[in-house]
Amino acid sequence: MKNTRRSVPGIRYYGGPAGGWGALKATAIAVRTQMDTFEAPATLLRTNQPDGFDCPGCAWPDKEHKSTFQFCENGAKAVTWEATTKRVTPAFLANNTVTSLLEKSDFELEGYGRLTTPLAYHRESDTLRPVTWEAAFARIGEVLRDLAPDSVEFYTSGRASNEAAYLFQLFAREFGTNNFPDCSNMCHEATSVGLPRSIGIGKGTVSLDDFEKTELVISIGHNPGTNHPRMMGTLHELSRRGVPIIVFNPLKERALERFADPQNVVEMATYRSTDIASTYFQVRAGGDAAALKGIAKHLLALEAECGGVLDRDFMTEHTQGFDAFAADIAATSWQDIERESGLTREQLLSVAEAYAKSNATIITYGMGITQHNKGTRNVRLIADLLLMRGNIGKPGAGICPLRGHSNVQGNRTVGITEKPGAPFLKRLEEVFGFTPPAKHGHDAVQATQAMIAGTAKALICLGGNFAVAMPDHRRGFPAMRALDLGVHVGTKLNRTHLLVSKETFIFPCLGRTELDEQRTGRQSVTVEDSMSMVHASSGKLKPASKELRSEPAIVAGMALATIPDSKVDWQTLVDDYDLIRELIEQTIPGFEDYNARIRVPGGFRMPLPPTERVWPTASGKAMFSVFEGVDENAPGVGENPLRLVTLRSHDQYNTTIYALDDRYRGVFGRRDVLFMNKGDMAQLGLEHGDRVDLHTALPGSDLRLDDITVVEYDISAGTVGAYYPEANVLVPLDYTDKESGTPSYKSVPVGITLRSKEIRPL
Ligand SMILES: Nc1nc2c(c(=O)[nH]1)N[C@H]1C(S)=C(S)[C@@H](COP(=O)(O)OP(=O)(O)OC[C@H]3O[C@@H](n4cnc5c(=O)[nH]c(N)nc54)[C@H](O)[C@@H]3O)O[C@H]1N2
Ligand SMILES: Nc1nc2c(c(=O)[nH]1)N[C@H]1C(S)=C(S)[C@@H](COP(=O)(O)OP(=O)(O)OC[C@H]3O[C@@H](n4cnc5c(=O)[nH]c(N)nc54)[C@H](O)[C@@H]3O)O[C@H]1N2
Ligand SMILES: [Mo]
């Protein structure tokens, strides 16, 4: 692979391990290009410390909240990106029309720096102009009061704190709607829908302690070297202890192959690294269900042969539905399993044998499992496999979904859901004295569909970059512009903000790193990590501008201006966030003594009944699932088109692009690449460096992405990869997991046509 291909600008083979000196160097560059170097060291050291702020990078927990953060390259990028000294000033906006800004890349837009003042779109001059907070709130209230509540969409991106998210849902529900499109709908919704059916709660069951006791980790469809870098410390430790780590991923991700821990003095001094995966299976995109069924099938055979493989006592006492599950596995043929997974029966046997031998197994997973046409099925099959050997609710074992945004799990816990349960609504009514709507609202796809249909009239975004994160920009972007009202609470300018509606307001808010002073003094907010630990976060940096307001204050400002005789005492809540937490405690189970418990360093853990083998399902038991077949493609998809997976580069945070490199995958200074398997390229007569056009190979689809450069890559046959969000133009809005509504961002059927053999210069 190294030497035979022709040379393509910006594409170089990366031979080193992940982490190591490269990571430290990249951290230094992030600091140098974004921050005041005087403040940077102190700021970075406050990340994830008891008195500091929670890292906005990822939701991986920290042991006793003593951070290993200062060595986390991508955490440093997230912090320095927010704490940048660059500013978007009124003068800059007066000189750059919205139309001209829309021509800039996402990278450039956020690169202008922090938003400094509330803005309103001025149509005649096509510019964003400063506006006072009060005038903006008043106008938003006027517009909203004239709209039917169900024609307004309230979007949350998972960086919002528990306090901000709780106020946001309170505002929307008192206003009268359950329309809560949420970044979670594009992310771990399959977990939120699938796991409650299996084990009674939509959250992971493991803690960091379990990783210390585990005997086997199976890692499916996530890329921790980039997206959960602090997890690499854990994996590194496990590998050195001799715990096997079996990886399923179509791409060879360097951090899952080998990693040099920047904290390990010997590795750093000697340029050595540690192998992470004990075995690496390059499953075909969308082939995990087949692989999981194959492992289950072998386990059943091993049980029949020698017994003692299934945990019969556990299954009898704690589960239901095993016979139907086993019958379906028996009915699934090896031929189908091998075809769909792209793996052989022997390979899957080796996994089943390792699994049968292990007394405590953890399965970790990410977007490679959830963002599929059958994401919920994938999640439930993982739970099934764990249940077969009693691997939930015992030390060293369990299920570990790797969450996305640093507080996406907390947002859900405090009520951001389009399908609220009756007990929660009843509590809201008892505590506040208004009747919240019971009718289910829109998720992210339904909200966009309503915008396209013209039935949604307004979109209020608590953070995020909704239009860009969603599929099918060609239909989604015009729908944004057709709205009566768009309101965006954000830290940096992005494309969604610029897709201006009839009226658009952009509100600059405080970030995690910044001091939040309210009438009663310095405030802290709270967040919940991937392992259900809730803890406080409070910034110390001077805010990017005097005009910034906190997210709770902005939500309260809008609510006060919109709901004339609100039952909520908004201003008092903003004065003292302890009072918001008291209300959360009164309305949501699990937050007893909320204010006291977050004052203990490290915080507290939300209740997780499955860890004690209590199953809050309808039957009171953990439930095996039955999903017939192994096919990922929806009906109507022709003979085996390639499947496109959309990926994050090492230098991006979702739609935020920090820089144009993807170091571990050997891509530098560009993002217009299509990772392809050598065999697939040969079959299509393509060469490394060829320029191609892609189209979505679904009946009736006219989605396409033109002029992308083929890069030969170690990726499973039948799978191609391109970067998100650019490739979202190929993802159909309604190509979703029908159970969870999650877009199939990681299995879009695509076709390829050659555009030019001439290499594109950079
Ligand atoms: N630095 C940084 N950190 C982040 C983010 C970020 O963008 N940048 N984003 C945050 C968010 S919101 C999230 S949700 C998480 C995302 O974290 P991940 O879940 O790691 O997300 P992706 O980068 O989308 O990568 C998914 C991995 O799945 C693999 N994959 C794709 N399709 C399949 C498949 O069909 N089967 C299998 N087995 N594997 C597959 C890909 O090759 C890739 O390695 O990270 C969070 N943390
Ligand atoms: N093709 C494809 N599409 C995907 C995915 C994929 O893997 N492939 N992944 C999906 C996933 S997992 C997710 S989570 C979504 C992400 O979707 P979003 O959460 O909507 O997107 P982000 O890029 O995280 O949002 C970035 C913006 O957030 C704002 N921001 C940053 N910090 C703060 C803050 O502290 N407060 C506020 N109010 N705003 C802030 C900034 O203005 C910034 O421009 O994208 C989804 N889309
Ligand atoms: Mo996510």
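Everything quoted here is computed from the prediction, not taken from an experiment.

**Q** For the packing of helix H1 (residues 20-34) against helix H3 (residues 73-82), give the residues involved together with the corresponding values.
**A** The geometry of a pair of packed helices is captured by two quantities: the angle between their axes and the separation between those axes. At a closest axis distance of 9 Å, the pairing of H1 and H3 adopts a crossing angle of 5°. On the basis of their axis angle, the class for H1 and H3 is roughly parallel. Each of Ala-23, Ala-26, Thr-27, Ala-30, Val-31 and Gln-34 in H1 lies in contact with H3, whose residues at this interface are Glu-73, Ala-76, Lys-77, Thr-80 and Trp-81.

**Q** So what about the UniProt feature "domain: Molybdopterin oxidoreductase" (unreviewed entry) in the protein chain? Which residues, and what values?
**A** Mapped onto the present numbering, the UniProt feature "domain: Molybdopterin oxidoreductase" (unreviewed entry) falls at residues 114-474. The distance from the first to the last C-alpha atom of residues 114-474 is 28 Å, and the span holds 49% helix and 13% strand.

**Q** I'd like a rundown of the site of ligand 1, residues and numbers included.
**A** Near ligand 1, the surroundings consist of 32 residues, among which Asn-249, Glu-253, Asp-288, Gln-652 and Asn-654 are the closest. Between Phe-248 and ligand 1, the recorded distance is 3.0 Å, taken from a backbone N or O atom to a nitrogen atom. The separation between an oxygen atom of ligand 1 and a polar side-chain atom of His-372 is 2.9 Å. Calculation on ligand 1 without its partners gives an accessible area of 920 Å², and the protein chains cover 99% of this total. Of all the elements in the fold, those that place two or more residues in the shell around ligand 1 are helix H11 (224-227), helix H20 (367-370), strand S24 (642-647) and strand S25 (652-653). For the shell around ligand 1, a count of residues per class yields 11 nonpolar, 17 polar and four charged.

**Q** Break down the domain arrangement of the protein chain for me, with residues and values.
**A** The accessible area lost on association of the parts is a frequent measure of interface size. Domain boundaries assigned for the protein chain yield domain 1 (18-83), domain 2 (90-184 + 432-599), domain 3 (189-402) and domain 4 (642-756). Of note, the centres of domain 1 and domain 2, computed from C-alpha atoms alone, are 26 Å apart. Contacts between the two partners involve 17 residues from domain 1 and, on the opposite side, 20 residues from domain 2. Both sides of the domain 1 and domain 2 interface together cover about 1,800 Å² of buried area, and 53% of this is carbon and sulfur. Looking at the side of domain 1 facing domain 2, the largest losses of area belong to Asp-54, Trp-81 and Glu-82, adding up to 36% of the total buried there. There are two salt bridges connecting domain 1 and domain 2. The interface formed by domain 1 and domain 2 contains seven residue pairs in polar contact (both at pLDDT 80 or more). Listed by contribution, the elements that provide at least two residues to the side of domain 1 that touches domain 2 are helix H2 (40-46) and H3. Looking at the side of domain 1 that touches domain 2 element by element, the count peaks at three residues for H3.

**Q** I'd like to hear about the UniProt feature "domain: Molybdopterin dinucleotide-binding" (unreviewed entry) in the protein chain, residue by residue, with values.
**A** The positions that UniProt labels "domain: Molybdopterin dinucleotide-binding" (unreviewed entry) are, in the present scheme, residues 642-749. Helix makes up 6% of residues 642-749 and strand 33%. Its end C-alpha atoms lie 6 Å apart.

**Q** Kindly report on the sheet that holds strand S7 (residues 216-220), identifying the contributing residues and their values.
**A** With parallel pairing, the five strands of this open sheet are ordered in space as S11-S8-S7-S13-S14. At either end of the open sheet lies a strand with only one pairing partner, and these are strand S11 (279-281) and strand S14 (398-401). Going across the sheet, the axis of each strand differs from the next one's by a mean of 15°, ignoring polarity. Relative to strand S13 (residues 361-365), S7 is paired through five bridges, and the arrangement is parallel. When the sheet's bridge partners are listed, Ser-219 is paired in S13 with Thr-364. Each of S7, strand S8 (245-248), S11 and S13 is contacted by helix H19 (residues 345-357), which is oriented at about 145° to S8, the strand it contacts most. Sheet contacts for helix H21 (residues 375-388): S7, S13 and S14; angle to S13, the most-contacted strand, approximately 175°.

**Q** Tell me about the packing of aromatic side chains, residues and numbers included.
**A** Applying the stated criterion across every chain yields a total of 24 aromatic pairs. Judged by centre distance (5.9 Å) and plane angle (85°), the ring pair of Tyr-594 and Phe-604 falls under edge-to-face. Of this pair, Tyr-594 sits in helix H31 (residues 594-597) while Phe-604 sits in strand S22 (residues 604-605), and the two are 10 residues apart along the sequence. With a relative accessible area of 0%, Tyr-594 lands in the buried category. Every member of this aromatic cluster is reached through a ring pair, and the members are Phe-154, Phe-168, Phe-171, Phe-175 and Phe-180. Sitting over the face of the ring of Tyr-653, Arg-159 holds its NZ or CZ atom 5.4 Å from the ring centroid. Positioned above the aromatic ring of Phe-604, the side-chain terminus of Arg-597 is 3.9 Å from the ring centre.

The rules behind the values
Residues numbered from 1 in each chain as written. Chains lettered and ligands numbered in written order. Predicted model: local features only at pLDDT ≥ 70, side-chain atom pairs only at ≥ 80, totals over all residues. Heavy atoms only, no water. Axes fitted to C-alpha atoms, helices over the stretch in contact; angles between N-to-C directions. Helix = DSSP H or I, 4+ residues; strand = E, 2+ residues; numbered from the N terminus. Parallel < 35°, antiparallel > 145°, perpendicular 65-115°, else oblique. Contact = heavy atoms within 4.5 Å. UniProt positions renumbered as here; feature names shortened; annotations may be inferred. Near = heavy atom within 4 Å. Polar contact = N/O pair within 3.5 Å; in protein donor to acceptor, adjacent residues only side chain to side chain. Areas by Shrake-Rupley, 256 points an atom, 1.4 Å probe, with all protein chains shown as cover. Nonpolar A, V, L, I, M, F, W, Y, C, P; charged D, E, K, R; others polar. Domains from an automatic or database assignment. Buried area = accessible area lost by both parts, 1.4 Å probe. Salt bridge = Lys/Arg side-chain N within 4 Å of Asp/Glu carboxyl O. Pairing = 2+ DSSP bridges. Phe/Tyr/Trp six-rings, centres within 6.5 Å; stacked < 30°, edge-to-face > 60°. Buried < 20%, exposed > 50% of the residue type's maximum accessible area, 1.4 Å probe, protein only. Lys NZ or Arg CZ within 6 Å of the ring centre and 35° of its normal.

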